[in-house]
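As a plain string of letters, each chain reads:
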Amino acid sequence: MTEYQLLESGLQLAAPGFPPQAVDNLMEFSAMLLEKNKVMNLTAVTDPAEVVTRHFLDCAALAPCMPKNGRVLDVGTGAGFPGIPLAALCPDTEFVLLDALRKRVDFLNEVIDALGLTNCTAVHARAEDFAKDHREEFDAATSRAVAELRTLCELSLPMVKVGGVFYAMKAADCTDEIAQSDHARAVLGADAPELLRYTVPHTDIERVIVCMKKNAATPPQYPRRFKKIQSSPL
Ligand code: SAM
């Protein structure tokens, strides 16, 4: 099976009814990612087939959760995960891709232009700074491979509207991390999480999406400065 077929059949499994343009867009993104990765640290994955499975098909698992006509913040998007695959798969949702590293955001702007993604912008900022002017503005937030869950809750939940959801993409075995985040998510205004378990299509990689629905406004003192978040986690 070619990468193209792998991606197409995987996306059909992960995101039924995906836009036909999405496969072409993601193959172009893969080429740009692997090329730029030669001169910049963007991803540890260098096999094109694994870009399809470990990145694209993993991120596509979130597509059915994305709010139609809503706004989504991807916290610590790095080389654009899950934000770029989701923007390609969900043209009726607007995505803001946030990262603290300028070079990665510059790369994302090149990708957004090349793919012609009109529902996606990349912003260079730390989440805890961005939160000052964007409190409770987003219908959902996403995050993958950025920090442990209780830290991620403080970095992400303040920007989610009451009634919105924070989706953290984690390894299947994250029971302890979830237990350790219980106090943080309650203080920050989120319900106990629901877990969406899945196997990445065409692999045996098991993953989980931790879904935290916001039930109350986050108290104004959060998020704190990053040093404080790390030295005294909630
Ligand atoms: N989400 C991507 C993925 O799944 O491949 C990237 C993961 S990379 C390991 C973590 C990214 O989070 C880095 O690009 C880093 O700059 C960003 N990051 C870490 N802390 C952050 C913060 N407080 N605000 C914004 N970005 C942050």
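Before reading on, note that the structure itself is shown above.
Quick look at the structure, then. Along each chain, numbering runs from 1 in the same order as the chain's sequence is written. At least 70 in pLDDT is required for a residue's local features to be given in this predicted model, at least 80 for side-chain atom pairs to be given and counted, and no such filter applies to totals for whole chains, interfaces and linings, which use all residues. Based on all heavy atoms of the structure, the side-chain values leave hydrogens and waters out of the count.

**Describing the pairing of strand S2 (residues 94-99)**
Then comes step 1: Most of S2 is tucked away: 5 of the 6 residues are buried.
Then comes step 2: Here strand S1 (residues 71-75) pairs with S2 via 5 bridges, running parallel. Looking at the pairing, arginine 71 lines up with glutamate 94 of S2.
Then comes step 3: Handedness of the crossover joining S1 and S2 through helix H4 (residues 83-89) is recorded here as right-handed.
Then comes step 4: In terms of strand pairing, S2 meets strand S3 (residues 120-124) through 5 bridges, oriented parallel. Looking at the pairing, aspartate 99 lines up with histidine 124 of S3. Buried residues are those whose accessible area, probed at 1.4 Å on protein chains only, stays under 20% of the maximum for their type, while exposed residues exceed 50% and partly exposed ones sit between those limits. In this description a helix means any DSSP run of H or I spanning at least four residues, a strand means any run of E spanning at least two, and both kinds are numbered starting from the N terminus. Any two strands are treated as partners once DSSP identifies two or more bridges connecting them. Looking down the strands as they point away from the viewer, one classifies a crossover as right-handed if the path from the first strand across the helix to the second runs clockwise.

**Brief notes about the packing of aromatic side chains**
Then comes step 1: Pairing of aromatic rings covers Phe, Tyr and Trp, the last counted by its six-membered ring, and requires centre-to-centre distances within 6.5 Å; plane angles under 30 degrees mean stacked, over 60 mean edge-to-face, and any other angle means tilted. Enumeration according to the criterion identifies 4 aromatic pairs in this entry.
Then comes step 2: Seen in terms of ring centroids, phenylalanine 56 and phenylalanine 81 are 6.3 Å apart; in terms of plane orientation they differ by 45 degrees. Their pairing is tilted. A residue pair is termed long-range when its members are at least 10 positions apart, and phenylalanine 56 in helix H3 (residues 48-60) and phenylalanine 81 in the loop between S1 and H4 qualify at 25 residues.
Then comes step 3: Since its relative accessible area comes to 5%, phenylalanine 81 is described here as buried.
Then comes step 4: Each ring, one from phenylalanine 130 and one from phenylalanine 138, has its centre 6.4 Å from the other, and the planes form 35 degrees; the classification is tilted.
Then comes step 5: Residue phenylalanine 138 is classed as buried on the basis of its relative accessible area of 0%.
Then comes step 6: Members of the aromatic cluster, each reached through a chain of ring pairs, are Phe29, Phe56 and Phe81.

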